[in-house]
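Letter by letter, the chains look like this.
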Amino acid sequence: MATIWALGEVNDGVPSKLTLELATLARQLAEKSGGESKTVLIGKGASGAASEVAAYADAVVAVDVDASGPTAATVAARAAALIAEHSPDFVLLPASNDGKDVAGLLLGLTDLPVLVNAAAVDWADDGPQVEMSTYGGKLVTCQPGMMDIAKSEDTIECTETASGIRKQAINI
């Protein structure tokens, strides 16, 4: 059972399309884990955006704030306080410019680990299964299973380390 949050983006009271997709993903992952999900909106007009997001999310938390400063700093500070208070197991953030800035700030404010550039996310028996694409899509890394799959006809050599992390050598 996991508590999964989606941290959405709001622009003048309107949620981004990516926010609606993250809300849906958080809900689906929570259902598979037997847990619960929330979508958190922080920004100017967050309350106005909440009704639209509610169609995609189990629950919505809206925090209206004056966005006079940098968006990432405003959102990250408030999100870090909510995370400290409620302790969600996983927080999903958009891969937008602001989302990546917020992720970096949250890393420093909360000590939560960060996985970036997720191409796909699903729920496995022991937690989320995240597929990340690197090297222009020539290599796909799956976490937490640490299974590396080369998506080309070039050679790949995988070796298992003592810690269970697989290291790879790619000849392109």
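Residues numbered from 1 in each chain as written. Predicted model: local features only at pLDDT ≥ 70, side-chain atom pairs only at ≥ 80, totals over all residues. Heavy atoms only, no water.

### A closer look at the confidence of the model for the chain
Okay, step 1: Of the residues in the chain, 78% have a pLDDT of 70 or more, and the chain-wide mean is 81.
Okay, step 2: Low pLDDT, under 50, characterises residues 145-172; the stretch is placed with 47 contacts to residues that sit more than four places away or in other chains. (pLDDT = per-residue confidence, 0-100. Contact = heavy atoms within 4.5 Å.)

### Considering the nonpolar core
Okay, step 1: L7, V40, I42, V102 and L106 are the most contacted members of the largest nonpolar core, which has 14 residues in total.
Okay, step 2: Elements supplying a minimum of two residues to this core: strand 1 (3-8), strand 4 (36-43), helix 3 (71-86) and helix 4 (97-110).
Okay, step 3: A total of seven residues in this core trace back to one element, the largest contributor, which is helix 3. (Core = buried A, V, L, I, M, F, W, Y, C linked by side-chain atoms within 4.5 Å. Buried < 20%, exposed > 50% of the residue type's maximum accessible area, 1.4 Å probe, protein only. Helix = DSSP H or I, 4+ residues; strand = E, 2+ residues; numbered from the N terminus.)

### A look at empty space enclosed by the protein
Unfilled space is identified by rolling a water-sized probe across the atoms.
Okay, step 1: Summed over all chains, the structure comprises two cavities of 30 Å³ or more.
Okay, step 2: Approximately 40 Å³ is the volume found for the second largest cavity.
Okay, step 3: Around the second largest cavity, the lining residues are W5, A6, L7, V40, A79, L82, I83 and V91.
Okay, step 4: A class-by-class count of the residues in the lining of the second largest cavity yields eight nonpolar, no polar and no charged. (1 Å grid on protein atoms, 1.4 Å probe; cavity = no way out; pocket = protein on both sides within 12 Å on 5 of 7 lines; lining within 4 Å. Points joined across faces, edges and corners; volume = space filled by probe spheres on them. Nonpolar A, V, L, I, M, F, W, Y, C, P; charged D, E, K, R; others polar.)

### A short note on the packing of helix 3 against helix 4
Okay, step 1: Between helix 3 and helix 4, the least distance of the axes is 9 Å, while the angle of their chain directions is 45°. Here helix 4 runs oblique to helix 3, going by the angle between their axes. The handedness of the crossing between helix 3 and helix 4 comes out as right-handed. Here T71, A72, A73, V75, A76, A77, A79, A80 and I83 of helix 3 come into contact with helix 4, specifically with D98, D101, V102, L105, L106, L109 and T110.
Okay, step 2: Residues belonging to the contact of helix 3 with helix 4 are distributed by class as follows: twelve nonpolar, two polar and two charged. (Axes fitted to C-alpha atoms, helices over the stretch in contact; angles between N-to-C directions. Parallel < 35°, antiparallel > 145°, perpendicular 65-115°, else oblique. Left-handed = near helix turned anticlockwise from the far one by under 90°.)

### Here's the deal with the environment of P88
Okay, step 1: With respect to the helices and strands, the residue P88 is situated in the loop between helix 3 and strand 6 (90-92).
Okay, step 2: When its relative accessible area of 8% is taken as the criterion, P88 is described as buried.
Okay, step 3: Between the C-alpha atoms of P88 and T3, which are 85 residues apart in sequence, the distance is 5.1 Å.

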